[in-house]
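As a plain string of letters, each chain reads:
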Amino acid sequence: LGDITSGQGAISLARAFHVAGVKEVVSTLWPVSDQASLMFFGKLYQKVARLESAKKSYDLHQLVWQLQGELLSGMDVTDLERELFKYGPYVSTGK
C-alpha cells in the first residue's frame, strides 16, 4: 500500500479498502485539514441520508461532484483557488 509498482502507479489506501471488499471509497488526492474534511463529509452524509430516507438510489460519484460544485460556486478567483485546495481533492472510487 503506497508502493509505486511498474505499470500500475501508486497503490493507495483506498485500493486497500477495495481489496478488503469495500465497494465505494471517498478519499482525497492530497492531505486536507480536519475542519475541511468534517464539513465536506458532514454535508455528503446529509445528502446520502436524505436520499436513503426517501428510498431513492444515488450515485456516490455524482454526489461528490455535486457537493464540490455547491461548495465552490459563486466564489471569486482568489477565494476559489483557496477553497479548491480544501474541497477539490475528494474523489470517489469503486462500484
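Before reading on, note that the structure itself is shown above.
Not measured: the values here are computed from a predicted model.

Cut-offs applied
Residues numbered from 1 in each chain as written. Predicted model: local features only at pLDDT ≥ 70, side-chain atom pairs only at ≥ 80, totals over all residues. Heavy atoms only, no water. Axes fitted to C-alpha atoms, helices over the stretch in contact; angles between N-to-C directions. Helix = DSSP H or I, 4+ residues; strand = E, 2+ residues; numbered from the N terminus. Parallel < 35°, antiparallel > 145°, perpendicular 65-115°, else oblique. Left-handed = near helix turned anticlockwise from the far one by under 90°. Contact = heavy atoms within 4.5 Å. Core = buried A, V, L, I, M, F, W, Y, C linked by side-chain atoms within 4.5 Å. Buried < 20%, exposed > 50% of the residue type's maximum accessible area, 1.4 Å probe, protein only. Salt bridge = Lys/Arg side-chain N within 4 Å of Asp/Glu carboxyl O.

**Q** Any chance you could explain the packing of helix α2 (residues 34–53) against helix α3 (residues 60–72) here in plain terms?
**A** What describes two packed helices is the angle between their axes and the distance between those same axes. Running from N to C, α2 and α3 cross one another at 125°; their axes reach a closest spacing of 10 Å. If you check the angle between α2 and α3, you find them oblique. The way α2 lies across α3 gives a crossing that is right-handed. Only Leu-60, Leu-63, Val-64, Gln-66, Leu-67, Gln-68, Glu-70 and Leu-71 of α3 make contact with α2, whose side of the interface consists of Met-39, Phe-40, Lys-43, Leu-44, Lys-47, Val-48 and Leu-51.

**Q** How do you make sense of the nonpolar core when you look at a structure like this?
**A** Note on soluble globular proteins: their nonpolar side chains tend to be buried together. Membership of the largest hydrophobic core comes to 14 residues, with the highest contact counts inside it found for Val-26, Phe-40, Phe-41, Leu-44, Val-64, Tyr-87 and Tyr-90. Secondary structure elements with two or more residues in this core: α2 and α3. Not counting the four nearest positions on each side in its chain, Phe-40 is found in contact with Val-64, Leu-67, Gln-68, Leu-71, Tyr-87 and Tyr-90.

**Q** Would you explain the environment of Leu-51 in this entry?
**A** Counting through the fold element by element, Leu-51 comes out in helix α2. Not counting the four nearest positions on each side in its chain, Leu-51 is found in contact with Lys-56, Tyr-58 and Leu-63.

**Q** Even after reading the chapter, I still don't get the pattern of salt bridges, so can you show me in this structure?
**A** It is possible for side chains bearing opposite charge to pair when their charged atoms get close. On inspection of all chains with the given rule, the structure shows 1 salt bridge. A salt bridge links Lys-47 to Glu-70, with the nearest nitrogen and oxygen atoms 3.0 Å apart. Note that Lys-47 is positioned in helix α2 and Glu-70 in helix α3, a separation of 23 residues in sequence. Classification of Lys-47 as buried rests on a relative accessible area of 11%.

Keep in mind these numbers describe shape, not what the thing actually does.
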